[in-house]
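So you can see what is in the structure, the chains are spelled out below.
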Amino acid sequence: ELEHLHDPFLMKGMKAAVARIAEAVEWHERILVYGDYDVDGTTAVSVVYDFLRRHYPDLKDDSLHFYIPHRYREGYGVSKQGIDYAKERGYTLLITLDCGIKSVELTKYAQSLGIDVIVADHHTPDDELPRAVAILNPKQKDCPYPFKELSGCGIGFKLVQALCRHWKLPEENAYK
């Protein structure tokens, strides 16, 4: 039952992620939703991007966009080309879905260009984590979220649930 879903704010980093997204929406910053090219990554991007587009249509078309890296030219996960794309188009917030947990150097690179990064990834983290604004990954150390096996799309869904609660939207909005 939907009532049995865990509170999204149990996930380490969720409060910081929600606060940064809310700030970006409030100040009409440019947000890039970035996901891996596989089914998990593209569905995660679809869930988060569609939610933000539906509930914040006042964001101009160029203020909210998504990016899926080219499988052969860019490879798996966050790419330098993707970060350069964000910089060239003036995005100040990058939300990675189904990737990013191992992108320590690329996160530093994004930050050096003035781009904040939120990592939402389900892959097993290394000892060194990216220095992101927030990391959403139930497998990270000290994360009290009770279910550790969410997919990347599942973590994107938990982010949408948390945004619904933060903005006092009916939680049914997260289920669409």
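The preceding data block contains the structure.
The following paragraphs examine the structure supplied in this document.

Reading the values: rules and limits
- Residues numbered from 1 in each chain as written.
- Predicted model: local features only at pLDDT ≥ 70, side-chain atom pairs only at ≥ 80, totals over all residues.
- Heavy atoms only, no water.
- Buried < 20%, exposed > 50% of the residue type's maximum accessible area, 1.4 Å probe, protein only.
- Helix = DSSP H or I, 4+ residues; strand = E, 2+ residues; numbered from the N terminus.
- Arc of directions from axis to C-beta.
- Core = buried A, V, L, I, M, F, W, Y, C linked by side-chain atoms within 4.5 Å.
- Contact = heavy atoms within 4.5 Å.
- Axes fitted to C-alpha atoms, helices over the stretch in contact; angles between N-to-C directions.
- Parallel < 35°, antiparallel > 145°, perpendicular 65-115°, else oblique.
- Left-handed = near helix turned anticlockwise from the far one by under 90°.
- Nonpolar A, V, L, I, M, F, W, Y, C, P; charged D, E, K, R; others polar.
- Phe/Tyr/Trp six-rings, centres within 6.5 Å; stacked < 30°, edge-to-face > 60°.
- Lys NZ or Arg CZ within 6 Å of the ring centre and 35° of its normal.

**Observations concerning helix α4 (residues 104–112)**
So, point 1. The complete set of buried residues in α4 reads Val-104, Thr-107 and Ala-110. Buried residues in α4, looked at end-on, bunch into an arc of 125°, giving them a common side. When the buried face of α4 is taken as reference, the exposed residues oriented beyond 90 degrees from it are Glu-105 and Ser-112.
So, point 2. In the segment just after α4, Gly-114 is the residue with positive phi, at about 85°.

**Here's the deal with the nonpolar core**
So, point 1. Ile-21, Leu-52, Leu-159 and Trp-167 are the most contacted members of the largest nonpolar core, which has 37 residues in total.
So, point 2. Put simply, the parts of the chain that give this core at least two residues each are α1 (14–26), β1 (31–35), α2 (39–55), β3 (93–97), β4 (116–120), β5 (134–136) and α5 (152–166).
So, point 3. If sequence neighbours within four positions are ignored, Trp-167 has contacts with Ile-21, Ala-22, Val-25, Phe-51, Leu-52 and Tyr-56.

**Topic: the packing of α1 against α5**
So, point 1. One way to put it is that α1 packs onto α5 with a least axis distance of 10 Å and a crossing angle of 65°. Considering their axes alone, α1 and α5 lie roughly perpendicular with respect to each other. As for how α1 packs across α5, the hand of that crossing is right-handed. Every residue of α5 that contacts α1 at Met-14, Ala-17, Val-18, Ile-21 and Ala-22 is listed here: Lys-158, Leu-159, Ala-162, Leu-163 and His-166.
So, point 2. For the contact of α1 with α5, the class distribution of residues is eight nonpolar, one polar and one charged.

**Some thoughts on the packing of aromatic side chains**
By convention here, two paired aromatic rings are described through the distance between centres and the angle between planes.
So, point 1. Tallying each qualifying case throughout the model produces four aromatic pairs.
So, point 2. Ring centres of Tyr-67 and Tyr-85 lie 4.8 Å apart, and the angle between their planes is 45°; this geometry places the pair in the tilted category. One end of the pair, Tyr-67, is in strand β2 (residues 64–67); the other, Tyr-85, is in helix α3 (residues 80–88), and 18 residues separate them in sequence. The same class applies to Tyr-67 as to Tyr-85, namely buried.
So, point 3. The ring of Tyr-91 has Arg-30 lying over it, and the distance from NZ or CZ to the ring centre is 4.5 Å.

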